[in-house]
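# Summary of structural features
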Amino acid sequence: MTSETAQHLAPDDGGDGGTAAADASAAEFTAHRPRMFGLAYRMLGSAEEAEDTVQDAYLRWSGADRAAIAHPAAWLAAVVTRLSLNRLSSARAKREEYAGPWLPEPVFTRDGALGPLESAERRDAVSTALLVLLERLTPTERAVYVLREAFAYNHREIAGVLELGEANCRQVYGRAVRRLERPEARFAPAEEERHRLVESFVGAAREGDLAGLERLLAEDVVWWSDGGGKVSAARRPVVGRDAVLRFLAGVARRAEEGTEAVLAEVNGAPALVSHQEGTLLAVTTFDLREGVIGGVRVVMNPDKLAFAQRQLAAGSPLI
């Protein structure tokens, strides 16, 4: 939601004083909006639903007694977290019926859409791989983990947001960490190496260099395609280097003329963006470990590309 939208929604009592107060309220909310959007996105894995959640939070903000809100950032974080928890219950049911693998919606992050990502830890907190893993957690576990890991809330603060006991929050957090089981995160390559691997993959794919691709892919590589039943895509993961190479050869034969592929920063990491005359066709992200590509995730569902498409139209830098 833009500041103009926020101002349009702000209540107006018909006087200059009311308008000024509404403008100030909208401006304050707008200042917190990137953080609230980042929180909702991490909770939901959907940029579209995150935007709707932030919109709902603004409606509550506009109707609240601001004098009673001592810490607006904390108040808004609590509201967005609870709204996200409400949405997660229905979202999980829909994802169980989803056609093919479900992947989170990609977000271009060079424009700060998900907040500052100046450290490896912050980049990892919005990575496609982690967002997929967060689907293993219950809604409460996800909320505790996101607030703790991505927003550095202590357990007392999390307890206040979720209206749980502090000791309970500690237990939930420990359970969430164990359920995620992420030993591969310890071996993630440095940023420069990540860019090199993705650039090498793009170059080999463009030239049809199967030998080059074979060197880049881990033996147990897995390829996921999310078409959501809207476009042609593999309904099951493609597992193993040989199977992925055969799959890529088939994709190359079916590629439409005029399709271009460029590098971009997506969810804090180098990614491949495929488009045709400015229309997004696919966004590909990579799981990288110890000098090879261990996983490839391709979002092709046009509904899931809508937010990224709007980012491009607004002039968001790719990389």
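Structural notes, computed from the coordinates. (Residues numbered from 1 in each chain as written. Predicted model: local features only at pLDDT ≥ 70, side-chain atom pairs only at ≥ 80, totals over all residues. Heavy atoms only, no water.)

### Here we look at the environment of alanine 74
Selection rule: Helix numbering and strand numbering both begin at the N terminus, where a helix is a DSSP run of H or I of at least 4 residues and a strand a DSSP run of E of at least 2. Think of it in three bands: with a 1.4 Å probe and only protein chains considered, a residue is buried below 20% of the maximum accessible area for its type, exposed above 50%, and partly exposed in between.
Along the chain, alanine 74 falls in helix H4 (residues 72-96). Of the residues examined, alanine 74 reaches a relative accessible area of 39% and is grouped as partly exposed. When the C-alpha atoms of alanine 74 and tyrosine 58 are compared, they prove to be 14 Å apart, with 16 residues separating the residues in sequence.

### Notes on the sheet that holds strand E6 (residues 292-299)
For the record, the criterion: Being paired, for any two strands, means DSSP has found at least two bridges between them.
The six strands lie next to each other as E2-E1-E6-E5-E4-E3, forming an open sheet whose pairing is mixed. Only two strands of the sheet have a single neighbouring strand rather than two, namely strand E2 (238-239) and strand E3 (260-266). As paired strands, strand E1 (residues 217-226) and E2 are joined by two bridges and run antiparallel to one another. Along E2, the bridge assignment pairs tryptophan 223 with valine 238.

### Side note on the packing of aromatic side chains
Filter applied, for reference: To pair, rings of Phe, Tyr and Trp, with the six-membered ring standing in for Trp, must have centres within 6.5 Å; the planes then decide the type, stacked if under 30 degrees apart, edge-to-face if over 60, and tilted in the middle. Put simply, a charge is over a ring when the Lys NZ or the Arg CZ is close to the ring centre, within 6 Å, and near the line of the ring normal, within 35 degrees.
This model, assessed by the stated rule, comprises eight aromatic pairs. The interplanar angle of 15° and the centroid separation of 6.4 Å between the aromatic rings of phenylalanine 37 and tyrosine 41 together place this pair among those described as stacked. Taken together, the residues phenylalanine 37 and tyrosine 41, both in helix H2 (residues 16-44) and four residues apart, mark about one turn of the helix. The exposure class assigned to phenylalanine 37 is buried, which follows from its relative accessible area of 2%. Looking at tyrosine 41, the relative accessible area reads 0%, which means it is buried. On the basis of an interplanar angle of 20° and a centroid distance of 5.3 Å, the ring pair of phenylalanine 37 and phenylalanine 307 is categorised as stacked. Taken together, the residues span a long stretch of sequence, with phenylalanine 37 in helix H2 and phenylalanine 307 in helix H13 (residues 306-313) at a distance of 270 residues. On the basis of relative accessibility, which here comes to 9%, the residue phenylalanine 307 falls in the buried class. Taken together, the ring pairs connect Phe29, Tyr58, Trp61 and Trp75 into an aromatic cluster. We note arginine 148 situated over the ring of tyrosine 173; from NZ or CZ to the ring centre the distance is 5.9 Å. Its guanidinium or amino end placed over the ring of tryptophan 224, arginine 297 lies 4.1 Å from that ring's centre, counting from NZ or CZ.

### Digging into the pattern of salt bridges
The cut-off we apply is this: Put simply, a salt bridge is a Lys or Arg side-chain nitrogen that is within 4 Å of an Asp or Glu carboxyl oxygen.
Counted by the stated rule, this structure contains 19 salt bridges. A salt bridge links arginine 310 to glutamate 48, with the nearest nitrogen and oxygen atoms 3.1 Å apart. Placement of the pair is arginine 310 in helix H13 and glutamate 48 in helix H3 (residues 47-63), with a sequence separation of 262 residues. The closest approach of N and O atoms between arginine 289 and aspartate 220, which form a salt bridge, is 2.5 Å. On the criterion of sequence distance, the pair formed by arginine 289 in strand E5 (residues 279-289) and aspartate 220 in strand E1 is long-range, its members being 69 residues apart. Through salt bridges with shared partners, a single ionic network connects Arg33, Glu48, Glu51 and Arg310.

### Regarding helix H10 (residues 191-207)
As a reminder of what qualifies: In this scheme, a helix's expected span is set at 1.5 Å multiplied by one less than its residue total.
Between its terminal C-alpha atoms H10 stretches 25 Å, which fits the 24 Å expected from 17 residues at 1.5 Å a residue. All of the buried residues along H10 are Arg194, Leu197, Val198, Phe201, Val202 and Ala204. Just beyond H10, the residue with positive phi is glycine 208, at close to 65°.

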